[in-house]
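# Topology and contacts: notes
In case you want the letters, here they are:
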Amino acid sequence: MSTDFSHAARTPQDQEFTYYAIGMVAGAVPGIVVGFLVAALAGHAAMWLSVFGGVGTISGLVVASLLFRRRRAAARHGETSAPGPVDSGAVDSGAVSPGPADDAASQTSPPRR
């Protein structure tokens, strides 16, 4: 088994799992801290750590899910609204596609006033 993870696959499922994992940890840590604070005042440390750690984990998972969906929707919207040639489906045998110089010139910003 290869131990070089620098070229790991970055599929959408991998990215989604990463969001979920980070969200769960980011929610669990504050939940455990709150559990310790409540346990210091009320006792029964195991119960309060479990309750607040679980609530933090669930809330972190929900927030991570919402953030991932929002990011994915924004990326999809960016792909569909990206400026570019519109393909109408008609074939024009005399049309010449723009070269790299033409494409670069069309992406320059207008001069500032």
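The paragraphs below set out a description of the structure included in this document. What you see is a predicted model; the values in this text were computed from it and never measured. Along each chain, residue indices are assigned from 1 in the same order as the chain's sequence is written. Thresholds applied to this predicted model are a pLDDT of at least 70 for local features of residues and 80 or more for the giving and counting of side-chain atom pairs; totals over whole chains, interfaces and linings are not thresholded and use all residues. Excluded from the side-chain calculations are hydrogens and water; all other atoms, namely the structure's heavy atoms, are used.

## What to know about the overall build of the protein chain
Going along the chain from the N terminus, every DSSP run of H or I of four or more residues is numbered as a helix, and every run of E of two or more is numbered as a strand. In terms of regular secondary structure, the protein chain is built from 3 helices and 0 strands. A 1.4 Å probe rolled over the protein chains alone gives each residue an accessible area, and that area as a share of the maximum for its type sets the label: buried under 20%, exposed over 50%, partly exposed in between. Buried residues in the protein chain amount to 11% of all 113 residues. Considering only contacts in the protein chain between residues 6 or more positions apart, those separated by 24 or more positions represent 61%. Reported accessibility uses the Shrake-Rupley method at a 1.4 Å probe radius. Residues are deemed covered only where the shown protein chains occlude them. Accessible surface for the protein chain amounts to roughly 9400 Å². Of this, 65% is attributable to carbon and sulfur atoms. Throughout, a contact is declared for two residues whenever any of their heavy atoms are within 4.5 Å.

## What about unusual backbone geometry?
Positive phi values are uncommon outside glycine, yet His44 reaches one of about 55°. Looking at the secondary structure, you find His44 in the loop between α1 (12-42) and α2 (45-80).

## Some points on α2
Here, expected helix span is obtained from the residue count minus one, scaled by 1.5 Å. Between its first and last C-alpha atoms α2 spans 52 Å; for 36 residues at 1.5 Å apiece the expected length is 52 Å, and the two agree. On its buried face, α2 is in contact with α1.

## A few points about the layout of surface pockets
Grid points spaced at 1 Å over the protein atoms alone were grouped into cavities, where a 1.4 Å probe fits but cannot get out, and pockets, open sets with protein on both sides within 12 Å along at least five of seven lines, with lining residues defined by an atom within 4 Å of a point. Grid points are joined across faces, edges and corners, and a volume is the space filled by probe spheres set on the points. Approximately 160 Å³ is the volume attributed to the largest pocket. If you trace the largest pocket, you find it lined by Pro12, Gln13, Gln15, Glu16, Phe68, Arg71, Arg72, Ala75 and Arg76. At 5 residues, α2 tops the list of elements feeding residues into the lining of the largest pocket.

## Points about the environment of Arg10
Turning to its location among the elements, Arg10 is positioned in the segment before α1. Setting aside residues no more than four positions away along its own chain, Arg10 makes contact with Gln15 and Thr18.

## So, α1
Taking 1.5 Å of rise per residue, the 31 residues of α1 would be expected to cover 45 Å, and the 44 Å separating its terminal C-alpha atoms lies within 8% of that figure. Considered for burial, the residues of α1 that qualify are Gly23, Gly27, Ala28, Gly31, Gly35 and Ala39. Turning to α1, the residues buried within the fold contact α2. Downstream of α1 by a residue or two, Gly43 has a phi angle that is positive, lying close to 85°.

## Notes on a nonpolar patch on the surface
Nonpolar side chains collect at one region of the surface, where Val25, Val29, Val33 and Leu37 lie side by side and expose about 370 Å² of accessible area between them. Summarising the element assignment, Val25 is placed in helix α1. Exposure above 30% relative accessible area and the absence of a salt bridge qualify a residue for a patch, where like charges join within 9 Å and nonpolar side chains (Val, Leu, Ile, Met, Phe, Trp, Tyr) within 5 Å. Here, a salt bridge means any Lys or Arg side-chain nitrogen found within 4 Å of an Asp or Glu carboxyl oxygen.

## Description of the packing of α1 against α2
Interaxial angles span 0 to 180 degrees and are taken between N-to-C directions of axes, which are lines fitted to C-alpha atoms, for helices over the stretch in contact. It is the contact of α1 with α2, at a shortest axis distance of 6 Å, that shows an interaxial angle of 150°. As judged from the angle between their axes, α1 and α2 are roughly antiparallel. Crossing of α1 over α2 shows right-handed handedness. Residue polarity is assigned by list, with Asp, Glu, Lys and Arg as charged and Ala, Val, Leu, Ile, Met, Phe, Trp, Tyr, Cys and Pro as nonpolar; anything else, Gly included, falls into the polar class. For the contact of α1 with α2, the class distribution of residues is 19 nonpolar, 10 polar and 2 charged. Put simply, angles under 35 degrees are roughly parallel, angles over 145 are roughly antiparallel, angles from 65 to 115 are roughly perpendicular, and the rest are oblique. Two helices that cross are described as forming a left-handed crossing if the nearer one is turned anticlockwise from the farther one by less than a right angle, and a right-handed crossing if clockwise.

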